[in-house]
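For reference, the chains in residue letters:
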Amino acid sequence: MSTTKSKRQSAKSTTKTEGFTAEEKAAMRARARELKEKTDGESAVREAIAAMSPKDRAIAKRLHELVKATAPDLSPKTWYGMPAYAKDGKVVCFFRNATKFKERYAMFGFNDSAKLDDGSMWPVAFAVKELTAADEARIGALVKKAVG
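Residues numbered from 1 in each chain as written. Predicted model: local features only at pLDDT ≥ 70, side-chain atom pairs only at ≥ 80, totals over all residues. Heavy atoms only, no water.

### Quick look at a nonpolar patch on the surface
- A cluster of nonpolar side chains, namely Phe-20, Met-28 and Tyr-80, defines an oily patch on the protein surface of about 290 Å² accessible area.
- You can call Met-28 partly exposed: its relative accessible area is 37%. (Patch = residues over 30% accessible without salt bridge, like charges linked within 9 Å, V, L, I, M, F, W, Y side chains within 5 Å. Areas by Shrake-Rupley, 256 points an atom, 1.4 Å probe, with all protein chains shown as cover. Salt bridge = Lys/Arg side-chain N within 4 Å of Asp/Glu carboxyl O. Buried < 20%, exposed > 50% of the residue type's maximum accessible area, 1.4 Å probe, protein only.)

Laid out in C-alpha coordinates, this is it:
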(Lines give C-alpha, C1' and ligand atoms only; values in the text may rest on other atoms or scores of the structure.)
Protein backbone atom coordinates (compact mmCIF):
# COMPACT_ATOMS: atom_id res chain seq x y z
CA MET A 1 0.00 0.00 0.00
CA SER A 2 1.37 3.40 -0.88
CA THR A 3 2.19 5.97 1.78
CA THR A 4 -0.26 8.46 0.28
CA LYS A 5 -3.13 5.96 0.43
CA SER A 6 -2.19 5.03 3.99
CA LYS A 7 -2.26 8.69 5.06
CA ARG A 8 -5.67 9.20 3.46
CA GLN A 9 -7.11 6.18 5.23
CA SER A 10 -5.80 7.25 8.63
CA ALA A 11 -7.11 10.78 8.06
CA LYS A 12 -10.54 9.33 7.28
CA SER A 13 -10.58 7.24 10.43
CA THR A 14 -9.63 10.16 12.66
CA THR A 15 -12.24 12.51 11.19
CA LYS A 16 -15.09 9.98 11.24
CA THR A 17 -17.88 11.09 13.53
CA GLU A 18 -18.94 8.90 16.40
CA GLY A 19 -22.62 9.09 15.52
CA PHE A 20 -25.36 10.79 17.50
CA THR A 21 -24.58 12.51 20.79
CA ALA A 22 -26.26 11.39 23.99
CA GLU A 23 -28.46 14.50 23.82
CA GLU A 24 -29.53 13.73 20.25
CA LYS A 25 -30.32 10.12 21.18
CA ALA A 26 -32.40 11.35 24.14
CA ALA A 27 -34.34 13.69 21.84
CA MET A 28 -35.05 10.81 19.43
CA ARG A 29 -36.23 8.61 22.32
CA ALA A 30 -38.48 11.45 23.49
CA ARG A 31 -39.95 11.76 20.00
CA ALA A 32 -40.61 8.01 19.83
CA ARG A 33 -42.44 8.19 23.20
CA GLU A 34 -44.47 11.20 21.97
CA LEU A 35 -45.62 9.24 18.93
CA LYS A 36 -46.61 6.19 21.03
CA GLU A 37 -48.21 7.90 23.99
CA LYS A 38 -51.19 10.18 23.62
CA THR A 39 -50.67 12.56 26.53
CA ASP A 40 -52.21 15.89 27.33
CA GLY A 41 -50.12 18.44 25.46
CA GLU A 42 -50.40 21.16 28.08
CA SER A 43 -49.18 18.82 30.82
CA ALA A 44 -46.35 17.52 28.65
CA VAL A 45 -45.18 21.07 27.87
CA ARG A 46 -45.33 22.06 31.53
CA GLU A 47 -43.28 18.96 32.46
CA ALA A 48 -40.69 19.74 29.77
CA ILE A 49 -40.41 23.33 31.02
CA ALA A 50 -40.12 22.21 34.65
CA ALA A 51 -37.14 20.01 33.74
CA MET A 52 -35.15 22.95 32.31
CA SER A 53 -32.43 24.98 34.00
CA PRO A 54 -33.78 28.01 35.92
CA LYS A 55 -32.74 30.50 33.21
CA ASP A 56 -34.23 28.46 30.36
CA ARG A 57 -37.31 27.68 32.45
CA ALA A 58 -38.04 31.39 32.95
CA ILE A 59 -37.79 32.05 29.21
CA ALA A 60 -39.84 28.97 28.33
CA LYS A 61 -42.62 29.87 30.80
CA ARG A 62 -42.90 33.36 29.36
CA LEU A 63 -42.88 32.09 25.77
CA HIS A 64 -45.53 29.51 26.66
CA GLU A 65 -47.80 32.24 28.04
CA LEU A 66 -47.06 34.46 25.05
CA VAL A 67 -47.83 31.80 22.42
CA LYS A 68 -51.03 30.75 24.18
CA ALA A 69 -52.24 34.36 24.43
CA THR A 70 -51.23 35.28 20.88
CA ALA A 71 -52.45 32.13 19.13
CA PRO A 72 -54.97 30.27 21.30
CA ASP A 73 -55.80 27.98 18.37
CA LEU A 74 -52.31 26.43 18.54
CA SER A 75 -52.17 23.22 20.56
CA PRO A 76 -49.30 22.83 23.03
CA LYS A 77 -47.40 19.57 22.75
CA THR A 78 -43.86 18.32 23.06
CA TRP A 79 -41.73 17.70 19.99
CA TYR A 80 -38.47 15.82 20.50
CA GLY A 81 -38.99 16.65 24.17
CA MET A 82 -39.21 20.40 23.53
CA PRO A 83 -42.23 22.65 24.12
CA ALA A 84 -43.96 23.10 20.78
CA TYR A 85 -47.21 24.49 19.40
CA ALA A 86 -49.12 22.83 16.58
CA LYS A 87 -51.96 23.58 14.22
CA ASP A 88 -53.83 20.67 12.63
CA GLY A 89 -51.21 18.31 14.06
CA LYS A 90 -48.25 20.12 12.47
CA VAL A 91 -45.71 21.90 14.68
CA VAL A 92 -45.67 25.60 13.86
CA CYS A 93 -43.19 26.83 16.47
CA PHE A 94 -41.04 25.44 19.28
CA PHE A 95 -38.63 26.37 22.05
CA ARG A 96 -35.30 24.61 22.43
CA ASN A 97 -33.58 25.26 25.73
CA ALA A 98 -29.84 25.94 25.70
CA THR A 99 -28.97 22.89 27.77
CA LYS A 100 -30.84 20.48 25.46
CA PHE A 101 -27.83 20.20 23.17
CA LYS A 102 -25.28 21.98 25.39
CA GLU A 103 -25.50 25.24 23.45
CA ARG A 104 -24.74 28.74 24.67
CA TYR A 105 -28.25 30.08 23.96
CA ALA A 106 -31.84 28.89 23.77
CA MET A 107 -33.74 29.03 20.50
CA PHE A 108 -37.28 29.88 19.46
CA GLY A 109 -37.97 28.48 16.02
CA PHE A 110 -40.61 27.97 13.38
CA ASN A 111 -41.19 24.95 11.14
CA ASP A 112 -42.13 25.09 7.48
CA SER A 113 -45.84 24.97 8.37
CA ALA A 114 -45.47 28.52 9.71
CA LYS A 115 -46.70 31.10 7.24
CA LEU A 116 -43.70 33.39 7.50
CA ASP A 117 -42.68 33.43 3.84
CA ASP A 118 -41.31 36.83 2.92
CA GLY A 119 -39.54 37.08 -0.43
CA SER A 120 -36.83 34.57 -1.19
CA MET A 121 -35.34 34.40 2.32
CA TRP A 122 -36.60 34.87 5.90
CA PRO A 123 -35.51 33.87 9.41
CA VAL A 124 -37.07 30.79 11.00
CA ALA A 125 -35.11 30.60 14.27
CA PHE A 126 -33.95 33.10 16.85
CA ALA A 127 -31.30 32.80 19.53
CA VAL A 128 -32.80 33.76 22.88
CA LYS A 129 -30.67 34.71 25.89
CA GLU A 130 -33.40 36.74 27.60
CA LEU A 131 -36.78 38.23 26.73
CA THR A 132 -37.33 41.97 26.66
CA ALA A 133 -40.70 43.62 26.02
CA ALA A 134 -39.53 44.36 22.46
CA ASP A 135 -38.54 40.69 21.97
CA GLU A 136 -41.94 39.56 23.23
CA ALA A 137 -43.70 41.95 20.85
CA ARG A 138 -41.64 40.68 17.92
CA ILE A 139 -42.24 37.03 18.79
CA GLY A 140 -45.95 37.68 19.30
CA ALA A 141 -46.20 39.30 15.86
CA LEU A 142 -44.29 36.41 14.25
CA VAL A 143 -46.47 33.79 15.95
CA LYS A 144 -49.60 35.62 14.83
CA LYS A 145 -48.29 35.76 11.25
CA ALA A 146 -47.17 32.12 11.40
CA VAL A 147 -50.70 30.82 12.07
CA GLY A 148 -52.15 33.02 9.33
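### Observations concerning the nonpolar core
- Ranked by size, the top nonpolar core spans 26 residues in total, and within it Leu-74, Cys-93, Phe-95, Phe-108, Phe-110 and Val-143 carry the most contacts.
- For this core, the secondary structure elements donating two or more residues are helix H3 (41-50), helix H4 (54-70), strand E3 (90-96), strand E4 (106-110), strand E5 (125-128) and helix H5 (133-147).
- If near-sequence neighbours (up to four positions away) are discounted, Val-143 is found in contact with Val-67, Thr-70, Ala-71, Leu-74, Cys-93, Phe-108 and Phe-110.
- Counting residues in each nonpolar core, the second largest holds 6 residues, with Trp-79, Val-91, Phe-94 and Met-107 among its members. (Core = buried A, V, L, I, M, F, W, Y, C linked by side-chain atoms within 4.5 Å. Helix = DSSP H or I, 4+ residues; strand = E, 2+ residues; numbered from the N terminus. Contact = heavy atoms within 4.5 Å.)

### Concerning the packing of H3 against H4
- Running from amino to carboxyl end, H3 crosses H4 at an angle of 155°, the nearest separation of the two axes being 9 Å. Judged by the angle between their axes, H3 and H4 are roughly antiparallel. Facing Glu-42, Val-45, Arg-46, Ile-49 and Ala-50 of H3, the residues of H4 in contact are Arg-57, Ala-60, Lys-61, His-64 and Lys-68.
- Looking at side-chain class alone, the contact of H3 with H4 contains 4 nonpolar, 1 polar and 5 charged residues. (Axes fitted to C-alpha atoms, helices over the stretch in contact; angles between N-to-C directions. Parallel < 35°, antiparallel > 145°, perpendicular 65-115°, else oblique. Nonpolar A, V, L, I, M, F, W, Y, C, P; charged D, E, K, R; others polar.)

### Let's talk about the sheet that holds strand E2 (residues 82-87)
- One open sheet holds the 5 strands; their spatial order is E1-E2-E3-E4-E5, and the pairing between them is antiparallel. Unpaired on one side and paired on the other, strand E1 (75-79) and E5 mark the two borders of the sheet. Averaged over all pairs of adjacent strands, the angle between their axes in this sheet comes to 25°, without regard to strand direction.
- The pairing of E4 with E5 spans 4 bridges and is antiparallel. By the bridge assignment for E5, Ala-106 is matched with Val-128. (Pairing = 2+ DSSP bridges.)

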